[in-house]
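In case you want the letters, here they are:
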Amino acid sequence: MAHTKDGFQLLEHKEYPQEEMLERAKRLFLQANERRTVREFSDRTVAKEVIELVLKTASTAPSGANKQPWNFCVVTNPDIKAIIREAAEKEEYENYHGRMSEDWLDDLKKFGTDWHKPFITTAPYIIVAFKKTYDLNAAGEKEKNYYVNESVGLACGMLINAIHHAGLVTVTHTPSPMNFLQKVLERPENEKAFLLLPVGYPAEDAAVPVISRKELEDMSVWYE
Ligand code: IYR
């Protein structure tokens, strides 16, 4: 019987032979590299179980002191989607007409974005990720969370990868300011909207901008 400290259990770990390790790493890269941010959605339905599973995958992310300081609101209700779209477009209109700098607007030109956000009502699912700046326990007392932005960012990254892995698409939409989401979705004061992710199939004629990813030497430095 192996000895483990109280509150600990032996790690379950899978090791692969070198060749298989390389093959697995390569396969995941090739698959991840096929992901594209998509802004044109089909209204085709997606099984709820898939959305449940991608959320469970997201929630495996590491987090500060394992506080898991996230809450994912899943919106399929068309009336709520319409309210969110209207509010998001109102903010984005202001962003594109004065709040964003010329440099910023220039940087976005190649993506063809503007203040219209039809994907909010077209996509079958809208996932709004909330970060919990602190927790409220059963007694209504505040409990601290740590590295909240990092933790929720990691969970959202894993969510995006899981969505892609399932053969669905999304766009990381950050209407700004996005505090209207807390109000519309009636979230408590400790929950702040972090990201809005429409999830579904791409429109049949969906087009994406021609972009490239940085080469290894442009995004990593090796100290050997
Ligand atoms: N939030 C705006 C603007 C926008 C900003 C960035 I940075 C992008 O990468 C894409 C868009 C919008 O959603 O249109």
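Going by the structure above, here's the rest.
In this report, we go over the structure that sits alongside the text. No experiment lies behind these values; they were computed from the predicted model shown.

Thresholds applied
- Sequence order as written defines the numbering, with residues in each chain counted from 1.
- With the structure being a predicted model, the display of local features is reserved for residues of pLDDT at least 70 and the display and counting of side-chain atom pairs for 80 or more, all residues being used for whole-chain, interface and lining totals.
- Side-chain calculation: all heavy atoms of the structure are included, whereas hydrogens and water are not.
- Relative accessible area decides the class of each residue, using a 1.4 Å probe on protein chains only: under 20% of the type maximum gives buried, over 50% gives exposed, and in between gives partly exposed.
- The secondary structure listing takes helices from DSSP runs of H or I that are at least 4 residues long and strands from runs of E that are at least 2 residues long, numbered from the N terminus.
- As used here, the arc belongs to the directions running from the helix axis to the C-beta atoms.
- What makes two residues a contact is simply this: any of their non-hydrogen atoms within 4.5 Å.
- Aromatic rings from Phe, Tyr and Trp, taking only the six-membered ring of Trp, are treated as a pair when their centres fall within 6.5 Å; an angle between ring planes under 30 degrees marks them as stacked, one over 60 as edge-to-face, and anything in between as tilted.
- One heavy atom within 4 Å of a molecule or strand is enough for the residue carrying it to be called near that molecule or strand.
- Residues adjacent in sequence count toward polar contacts only when both atoms are side-chain atoms; beyond that, a polar contact is any pair of N or O atoms within 3.5 Å, and within protein one must be able to donate a hydrogen and the other to accept it.
- Every accessible area reported is derived by Shrake-Rupley at a probe size of 1.4 Å, with residue values counting cover from the shown protein chains alone.
- Gly is placed with the polar residues, together with every amino acid not listed as nonpolar (Ala, Val, Leu, Ile, Met, Phe, Trp, Tyr, Cys and Pro) or charged (Asp, Glu, Lys and Arg).
- Here, a salt bridge means any side-chain nitrogen of Lys or Arg that lies within 4 Å of a carboxyl oxygen of Asp or Glu.
- Two strands qualify as a pair provided that DSSP identifies no fewer than 2 bridges between them.
- Each axis is a line fitted through C-alpha atoms, and for a helix only the stretch in contact is used; angles between axes span 0 to 180 degrees, taken between their N-to-C directions.

## Topic: helix H2 (residues 48-58)
Line of reasoning, step 1. Taken residue by residue, H2 has Ile51, Val54, Leu55 and Ala58 as its buried positions. Burial along H2 is one-sided: seen end-on, the buried residues are contained in an arc of 100°. Exposed residues on H2 whose side chains face more than 90 degrees from its buried face are Glu49, Leu53 and Lys56.
Line of reasoning, step 2. Elements in contact with the buried residues of H2: strand S1 (70-75), strand S2 (125-132), helix H6 (148-165) and strand S6 (191-200).

## Regarding the environment of proline 175
Line of reasoning, step 1. The topology assignment puts proline 175 in the loop between strand S5 (169-170) and helix H7 (180-184).
Line of reasoning, step 2. For proline 175, a relative accessible area of 1% corresponds to the buried category.
Line of reasoning, step 3. Through-space distance from the C-alpha of proline 175 to that of glutamine 9 is 43 Å; in sequence the pair is 166 residues apart.
Line of reasoning, step 4. Apart from residues lying up to four places away in sequence, proline 175 is in contact with Ala88, Glu92, Phe180 and Leu196.

## Notes on the packing of aromatic side chains
Line of reasoning, step 1. Per the stated rule, a full pass over the model turns up 2 aromatic pairs.
Line of reasoning, step 2. Both rings, one in phenylalanine 41 and one in phenylalanine 119, keep their centres 6.4 Å apart while their planes meet at 55°; by these two values the pair is tilted. Highlighted residues: phenylalanine 41 in the loop between helix H1 (18-32) and H2 and phenylalanine 119 in helix H5 (residues 119-122), separated in sequence by 78 residues.
Line of reasoning, step 3. Residue classification places phenylalanine 41 among the buried positions, given a relative accessible area of 7%.
Line of reasoning, step 4. With a centroid separation of 5.2 Å and 80° between ring planes, the pair formed by tyrosine 93 and tryptophan 115 is classed as edge-to-face. Of this pair, tyrosine 93 sits in helix H3 (residues 78-99) while tryptophan 115 sits in the loop between helix H4 (102-108) and H5, and the two are 22 residues apart along the sequence.

## A few points about the site of the ligand
Line of reasoning, step 1. Around the ligand, the structure places Arg39, Glu92, Tyr96, Met100, Trp104, Leu108, Asp114, Lys117, His173 and Thr174.
Line of reasoning, step 2. At 2.9 Å, a side-chain N or O of glutamate 92 approaches a nitrogen atom of the ligand.
Line of reasoning, step 3. Within the side chain of histidine 173, one N or O atom sits 3.2 Å away from an oxygen atom of the ligand.
Line of reasoning, step 4. Burial of the ligand by the protein chains amounts to 69% of its free accessible area of 370 Å².
Line of reasoning, step 5. Secondary structure elements with two or more residues in the shell around the ligand: H3 and H4.
Line of reasoning, step 6. A class-by-class count of the residues in the shell around the ligand yields 4 nonpolar, 2 polar and 4 charged.

## Side note on the pattern of salt bridges
Line of reasoning, step 1. As enumerated under the stated definition, the model contains 5 salt bridges in all.
Line of reasoning, step 2. Residue glutamate 191 is joined to arginine 187 by a salt bridge in which the shortest nitrogen-to-oxygen separation is 2.8 Å.
Line of reasoning, step 3. On the accessibility criterion, glutamate 191 (3% relative accessible area) is buried.
Line of reasoning, step 4. For arginine 187, a relative accessible area of 26% corresponds to the partly exposed category.

## Comments concerning the sheet that holds S1
In any sheet, the strands associate via hydrogen bonds between backbone groups, in a parallel or an antiparallel arrangement.
Line of reasoning, step 1. Ordered by their spatial adjacency, 4 strands build an open sheet running S1-S2-S6-S5, and the pairing between neighbours is antiparallel. The outermost strands of the open sheet, each flanked by one partner alone, are S1 and S5.
Line of reasoning, step 2. With 6 bridges connecting them, S1 and S2 associate as antiparallel partners. Paired with valine 75 across the strands is isoleucine 126, a residue of S2.
Line of reasoning, step 3. Those strands touched by H6 are S1, S2, S5 and S6, and its axis lies near 10° from that of S6.

## Quick word on the pairing of S6
Looking along a regular strand, one sees side chains alternate from face to face of the sheet.
Line of reasoning, step 1. Within S6, 8 of the 10 residues are buried, which leaves the element mostly enclosed by the surrounding structure.
Line of reasoning, step 2. Where S2 meets S6, 8 bridges bridge the pair, whose relative direction is antiparallel. Looking at S6, one finds that lysine 131 is bridged to lysine 192.

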